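What follows is the residue order along each chain.
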Amino acid sequence: MVCLGNICRSPTAEGVLRARLQQAGLDERARVDSAATGNSHLGHPPDERAIACAARHGIDISAQRARRLALEDFDEFDVILCADRTILHDARIRKPRTAHAQVELLLDWGGLGKKDVPDPYTGSSRDFEHAFKLIDAAASGIVERVRQGRF
Ligand code: 4NP
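Residues numbered from 1 in each chain as written. Predicted model: local features only at pLDDT ≥ 70, side-chain atom pairs only at ≥ 80, totals over all residues. Heavy atoms only, no water.

### Some words on the overall build of the protein chain
Stated formally: Here a strand is any run of E in DSSP of at least two residues, a helix any run of H or I of at least four, and the numbering for each starts at the N terminus. The size measure is the radius of gyration over C-alpha atoms, and the globule rule it meets is 2.2 Å times the number of residues to the 0.38 power. Classification of residues uses two cut-offs on accessible area relative to the type maximum, computed with a 1.4 Å probe and protein chains only: under 20% is buried, over 50% is exposed, and between them is partly exposed. Residue contacts follow a heavy-atom distance rule, with two residues in contact if any of their heavy atoms lie within 4.5 Å. To measure how exposed things are, a 1.4 Å probe is used in the Shrake-Rupley method; for residues, cover is taken only from the protein chains shown. Here the positive residues are Lys and Arg and the negative ones are Asp and Glu; neither His nor the chain ends is included. All charge positions are set by atom: Lys at NZ, Arg at CZ, Asp at CG, Glu at CD.
When you go through the protein chain residue by residue, the secondary structure sums to 6 helices and 4 strands. For 151 residues, the compact-globule estimate of 2.2 N^0.38 gives 15 Å, and the C-alpha radius of gyration of the protein chain, at 14 Å, lies within 12% of that figure. The C-alpha extent of the protein chain, read off along each of the three principal axes, is 40 × 35 × 30 Å. Counting the 151 residues in the protein chain, one finds 48% classified as buried. When contacts within the protein chain are restricted to residue pairs at least 6 apart in sequence, long-range pairs at least 24 apart make up 66% of them. Here the protein chain has roughly 7700 Å² of accessible surface; of this, 49% comes from carbon and sulfur atoms. Both charge centroids of the protein chain, one from 22 positive and one from 22 negative side chains, sit 4 Å from each other.

Printed below as a string of structure tokens:
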């Protein structure tokens, strides 16, 4: 799961997908992680509004720490899911020619169409809630893909 800062959208996506896989009994089938294309918050915990939003939905993301998307990630992971089209573009440029990862848009891969998860960083708690709902809907689609081995 990749976004710009790895403090709002992608840590939420990491926490939500891990929780939904666990609830489906599929957590042994996929390893979930998240990273940033930018470097503004490396080493930081998620934004407190993202932590609070996830907590309202019963998911604890407070132990995560922001890290940069690394070249090795493109070999380490089968799928790199990007929060919006700018991130998708940046991640595809960075993908080494020989690396095998698919680099896709998070909501699209989750079955919601070619839509961005709007960046809630400069917004309100309502924007965090909106991002959460989109991410959670995509997580449902991703759980089904994992169940069917479609990745
Ligand atoms: P994220 O949100 O990409 O969802 O983690 C942002 C976090 C930080 C910044 C922008 C977006 N920033 O400009 O510092």
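So, next bit.
### Things to note about the site of the ligand
What counts here: Whether a residue is near a molecule or strand depends on its heavy atoms: it is near if one of them lies within 4 Å of it. Here a polar contact means two N or O atoms within 3.5 Å. Within protein one must be a hydrogen donor candidate and the other an acceptor candidate, and residues neighboring in sequence count only if both atoms are side-chain atoms.
Around the ligand, the neighbouring residues are Cys3, Leu4, Gly5, Asn6, Ile7, Cys8, Arg9, Ser40, His41, Asp119 and Tyr121. A distance of 2.9 Å is found between an oxygen atom of the ligand and a backbone nitrogen or oxygen belonging to Leu4. Within the backbone of Asn6, one N or O atom sits 3.3 Å away from an oxygen atom of the ligand. The fraction of the free accessible surface of the ligand (350 Å²) that becomes covered by protein chains is 86%.

### Observations concerning the packing of helix α2 (residues 48-56) against helix α6 (residues 125-148)
The following threshold applies: Only the stretch in contact is used when a helix axis is fitted, and all axes are lines through C-alpha atoms; the angle between N-to-C directions ranges over 0 to 180 degrees. The scheme is simple: roughly parallel for angles under 35 degrees, roughly antiparallel for over 145, roughly perpendicular for 65 to 115, oblique for anything else. Each crossing gets its hand from how the near helix is turned against the far one by less than a right angle, where anticlockwise is left-handed and clockwise is right-handed. Lys, Arg, Asp and Glu make up the charged group, whereas Ala, Val, Leu, Ile, Met, Phe, Trp, Tyr, Cys and Pro make up the nonpolar group; the residues left over, Gly among them, are polar.
It is at 10 Å that the axes of α2 and α6 come closest, and there the two elements cross at 55°. Here α6 runs oblique to α2, going by the angle between their axes. In the packing of α2 onto α6, the handedness of the crossing is right-handed. On the side of α2, the interface is formed by Arg49, Ala50, Cys53, Ala54 and Arg56, while α6 contributes Ser125, Phe128, Glu129 and Phe132. Grouping the constituent residues of the contact of α2 with α6 by class yields 5 nonpolar, 1 polar and 3 charged.

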